[in-house]
Amino acid sequence: MPANLLTTLFPFLRWFPLSGDKLRSDLIAGITVALVLVPQSMAYAQLAGLPVVYGLYASFMPVIVASLWGSLPQLHTGPVAMLSLMSAAAVLPLAALGSEDFIVLSVMLALMVGVLRLLLGLLRMGILVNFLSSPVIVGFTNAAALIIGLSQLSKLLNVPFPRTDNFVLDLWNVVEQLPETHLPTLLFAVATFAIILGARRIIPKVPGVLLAVVLTTLVSWAIGFERNATVPVSAIQDQEARELAQDYAGTVRAIDTLGSTTARLNQEIRSLKAAGEPEHFAERALLEADLRVLNRELDQRKRANNERQVALHNLRFEHAVTADGQDIFYPRGDVPANLDADGRTWRISQVAGDEVKMMGGGAVVGAIPAGLPSFQLPELRMDFFWTLLPSALVMALIGFMEATSISKAIAAQTKERVDTSKELVGQGLANIVGSFFSSYTVSGSFSRSAVAAKNGAKTGMFAIFSAVGVMLVLLFLTPLLYHLPQAVLAVIVMMAVFGLINVRALVRAWEIERQEAIVGVITFVATLAMAPQLANGILLGAGLAIVLFLVRTMKPRTDILGLDAEGRLAGVSMNDVAPIGQNYIVVRFDGSLNFVNASRFEDVLLEARAKNPQARAVLVDGSSINDVDVTGEERLRDVIETFRDNGVEIYFSSLKAQVYDTLRRGRMFHLLDETHFIRTKDRALKFMDETFDSGKPLEPARIAVGPSTPVLG
């Protein structure tokens, strides 16, 4: 097999032979990245609505596969903030947060994203990202960073964050709970901020994230930060609280039933649509009506339970033990005199069926399953496939855009060559293989890739070393992470994503082109308004950018030309100059002449003639016309005939060779001879002046013709 084909199929062969220096550099970079990867991956898993161990799973096999088949050696793949939030937003309407169904659908979504990326890479369709203009990307990224960061606020305060289809209202719900803030949790968050920022300044070589995790975990363990008790609902000695908890549990069961029913109805409706039989129309209409009613009921029940969740959490209890050793909880201040309370304030953390989880401290990561993820086929829920497909496509493109921008930024420093299509293949394979090992959607990470490049990573072997580090954590170190406060992971996410906010880019866009800047601002606002469905924001922005492009193409810049004080051609509308000539007009058309703007070309010439009715000729400066299509050529002939019928001749100057050749292949020369095509602007202006303003026309032989014809005279 030829060497080139081998390296195409197996790009990692380019790493070899590995010298001792390269291996040493990769080992150091891999260990350093692993120290950042472990806490980051756990934090991003929670952002995706998954148990923290799934972040570690996503940092094992996908990392190895992406490094083996990727394009840039220094790119590190794994869990990232933006796709974690988008994964949660895509799955949340279909399953309860953190449930078994939620996990299954998250893994299935990773498989879908991987297949789409792989197909895009094999078809070399990375060009699709070009439909996202820079202001759209900046607007979306800024909004997504805000949403991701602010979604962690509830963990800093240790208050509920009920999820609905309106992120802004959900966030306001959290803000209203500020008086219920758990102060020890907030202190852990503040300490984490201080440790990470302090480490950057004082000991920059030590990963501040790792230092914060170690110190806060030790303090959490030492002070007994976590204090939980799971008791039956009857242990709560308050009638209203018991009824509220029972109503909550009953509504959860009703929501699960409604969710199963709506999923079945969706599947039946899709089957009837696929059949396409006219006699099924009435049946489908009835099912769709039932589905709308059930969805409204489902939404109402979810909102009602969100209110119950907040109300339950805001209750305060004291813990006591009966004579026979049973745990009971009284409203704060109502403990009978014959019982001794433990002096702590307890809250209702969770209601599950007939049991209530009481929290007397802060939230920690808790038990993490030890061991590596096992190989298993991802469960395919085809009834949710079409629902998840739009989100999967947007996530595939957003993840690719993120990985590409990171790769190009690092390649500019390392002088490596980036093949975007190969990167798509590598990212696609990483998600596909990862889904067989319980991984959710992954992509290239800017922070970890930057750490790798800074620490001298030479080949993709560094990423494999980082994955080995995660493997060791999964096998031996998960018990040490039990007491890690949830607030610490929230701070890690917030500090990672707030660094992505870039207001200056939108300001620069405003200074350069206000219409594009407005599209960027609209994308920003729309993404915030449509959150948590981030895909809708980027789709709207991309659509507006395409519409703006089409509008510009339909209406290219045009102007009547005059001469400025230095004798240069200048537009009349933008400069204080008079038009050239009295009996002829010079017009500039800055755009290709095609089916989109052909009518615009005609309108421009008619407007120019209306401003100078005595003109007997129009000179079109064609230096900015790059091509002409069939529609443009046909409309051009119509314009020439119309003007000629009114005693006006049309001339062209400075046409590019490809445009001239297109007109020559058409029927243009049936209307105009080559004397109407003048090679340079100077000779064209001289000809127009002598022919139409002086009354002394030049002989045809003196006219410089066609772009490939020598200048005569």
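Refer to the structure presented above.
Now for a quick tour of the structure. As a convention, each chain's residues are numbered from 1 in the sequence order in which they are written. Local features in this predicted model are restricted to residues whose pLDDT is 70 or higher, and side-chain atom pairs enter the listing and the counts only when it is 80 or higher, whereas totals over whole chains, interfaces and linings include all residues. In computing side-chain values, all of the structure's heavy atoms are included and hydrogens and water are not.

**Some details on the nonpolar core**
- To define a nonpolar core, start from buried Ala, Val, Leu, Ile, Met, Phe, Trp, Tyr and Cys residues and group those joined through side-chain atoms within 4.5 Å. Only protein chains enter the accessibility calculation, which uses a 1.4 Å probe. A residue is then buried if its area is under 20% of the maximum for its type, exposed if over 50%, and partly exposed in between. In terms of nonpolar packing, the biggest core is built from 92 residues, with M42, M86, L388 and I398 touching the most fellow members.
- Every residue pair with non-hydrogen atoms within 4.5 Å of one another is taken to be in contact. Sequence-distant contacts of M42, defined by excluding residues within four places in its chain, comprise V52, L56, I368, L481, L484 and L489.

**Description of the pattern of salt bridges**
- Just to be clear on terms, a salt bridge is a Lys or Arg side-chain nitrogen sitting within 4 Å of an Asp or Glu carboxyl oxygen. One pass over the full model with this rule turns up 15 salt bridges.
- When the shortest N-O distance is used, the salt bridge between R264 and E268 registers 2.9 Å. Placement of both R264 and E268 in helix α12 (residues 239-275) is noted, with a separation of four residues, approximately one turn of the helix.
- Under the relative-accessibility criterion, R264 is labelled partly exposed at 45%.
- Assessed through its relative accessible area of 30%, E268 is described here as partly exposed.
- Put simply, R644 and E649 hold a salt bridge, and the shortest N to O gap is 3.0 Å.
- Among the charged side chains, a network of salt bridges with common partners joins D101, E379 and R381. For helices the rule is a DSSP run of H or I covering at least 4 residues; for strands it is a run of E covering at least 2, with both sets numbered from the N terminus onward.

**Remarks on the packing of aromatic side chains**
- Only centres within 6.5 Å qualify two rings of Phe, Tyr or Trp (six-membered ring in Trp) as a pair; their planes then separate them into stacked at under 30 degrees, edge-to-face at over 60, and tilted for everything else. Counted according to the given criterion, the structure contains twelve aromatic pairs.
- Centroid distance F589 to F601: 5.1 Å. Interplanar angle 85°. Geometry classified as edge-to-face. Separated by twelve residues along the polypeptide, F589 in strand β10 (residues 584-590) and F601 in helix α22 (residues 598-611) bring together distant segments of the chain.
- Given a relative accessible area of 1%, F589 falls into the buried group.
- Arranged with centres 5.9 Å apart and planes meeting at 65°, the rings of Y651 and F692 form a pair that is edge-to-face. Highlighted residues: Y651 in strand β12 (residues 649-653) and F692 in helix α25 (residues 681-693), separated in sequence by 41 residues. The pair Y651 / F692 is uniform in exposure class, with both members buried.
- The rings of F375, F436 and F437 are connected pair by pair, giving a single aromatic cluster.

**Let's talk about the side chain of S439**
- Along the chain, S439 turns up in the loop between α15 (420-435) and β7 (443-445).
- A relative accessible area of 1% means that S439 is categorised as buried.
- Excluding residues that lie within four positions of it along the chain, S439 makes contacts with Y57, A58, P62, V107, A110 and G434.

**Topic: the sheet that holds β10**
- One requirement defines pairing of two strands: DSSP has to find at least two bridges between them. Here six strands make up an open sheet; going across it, the order is β9-β8-β10-β11-β12-β13 and the pairing mixed. Taken across any chain shown, the strands that pair with only one partner, and hence form the sheet edges, are β9 (569-571) and β13 (677-678).
- Bridge count for strand β8 (residues 557-563) against β10 is four bridges, and the pairing is antiparallel. Looking at the pairing, T558 lines up with F589 of β10.
- Running over the sheet, helix α23 (residues 630-645) touches β11 (617-621) and β12 and is turned about 135° from β12. Between N-to-C directions, angles cover 0 to 180 degrees, with each direction set by a line fitted to C-alpha atoms, over the stretch in contact for helices.

**Here's the deal with the sheet that holds strand β5 (residues 347-352)**
- Taking strand neighbours across the sheet as the criterion, the three strands line up as β2-β6-β5 in an open arrangement whose pairing is antiparallel. In this open sheet, the two edge strands, each paired with only one partner strand, are β2 (228-232) and β5. Taking the axes of each pair of neighbouring strands and ignoring which way they run, one obtains an average angle of 25° across the sheet.
- In the sheet, β5 pairs with strand β6 (residues 355-359) via five bridges, with the strands oriented antiparallel. Residue pairing for β6: R347 is matched across the bridge by M359.

**Some points on the packing of helix α5 (residues 81-91) against helix α6 (residues 100-122)**
- Relative orientation of the contacting elements α5 and α6 amounts to 120°, with a least axis distance of 10 Å. The angle between the axes of α5 and α6 places the two elements in the oblique class. Classified by chirality, the crossing of α6 by α5 is right-handed. On α6, the residues that touch L83, S87, A88, A90 and V91 of α5 are F102, L105, S106, L109 and R117.
- We call Asp, Glu, Lys and Arg charged. Ala, Val, Leu, Ile, Met, Phe, Trp, Tyr, Cys and Pro are nonpolar, and the rest, Gly among them, are polar. Taken together, the residues that form the contact of α5 with α6 break down as seven nonpolar, two polar and one charged. Working rule for angles: under 35 degrees goes down as roughly parallel, over 145 as roughly antiparallel, 65 to 115 as roughly perpendicular, anything else as oblique. The handedness criterion is simple: a crossing whose near helix is rotated anticlockwise from the far helix by less than a right angle is left-handed, and one whose near helix is rotated clockwise is right-handed.

**A short note on a nonpolar patch on the surface**
- Together, L372, V468, L472, L475, F476, L477 and L480 line one region of the surface with nonpolar side chains, adding up to about 620 Å² of accessible area.
- Mapped onto the elements of the fold, L477 is located in helix α17 (residues 461-477).
- Exposure remark for L477: the relative accessible area of 37% places this residue in the partly exposed category. Each patch is built from residues that are more than 30% exposed by relative accessible area and take part in no salt bridge. Like charges join if they lie within 9 Å; nonpolar side chains (Val, Leu, Ile, Met, Phe, Trp, Tyr) join within 5 Å. Values of accessible area rely on a 1.4 Å probe in the Shrake-Rupley scheme; residue burial ignores everything except the protein chains shown.

**Focus: α15**
- In this analysis, the expected span of each helix is defined as 1.5 Å times one less than the number of residues it contains. With 16 residues, α15 should cover 22 Å at 1.5 Å per step; its first-to-last C-alpha distance of 23 Å lies within 8% of that length.
- When you tally the buried positions in α15, you get twelve out of 16 residues, the bulk of the element.
- Buried within α15 are the following residues: S421, E423, L424, V425, G426, Q427, G428, A430, N431, I432, G434 and S435.

Everything listed here is a matter of geometry and, on its own, says nothing about what the molecule does.
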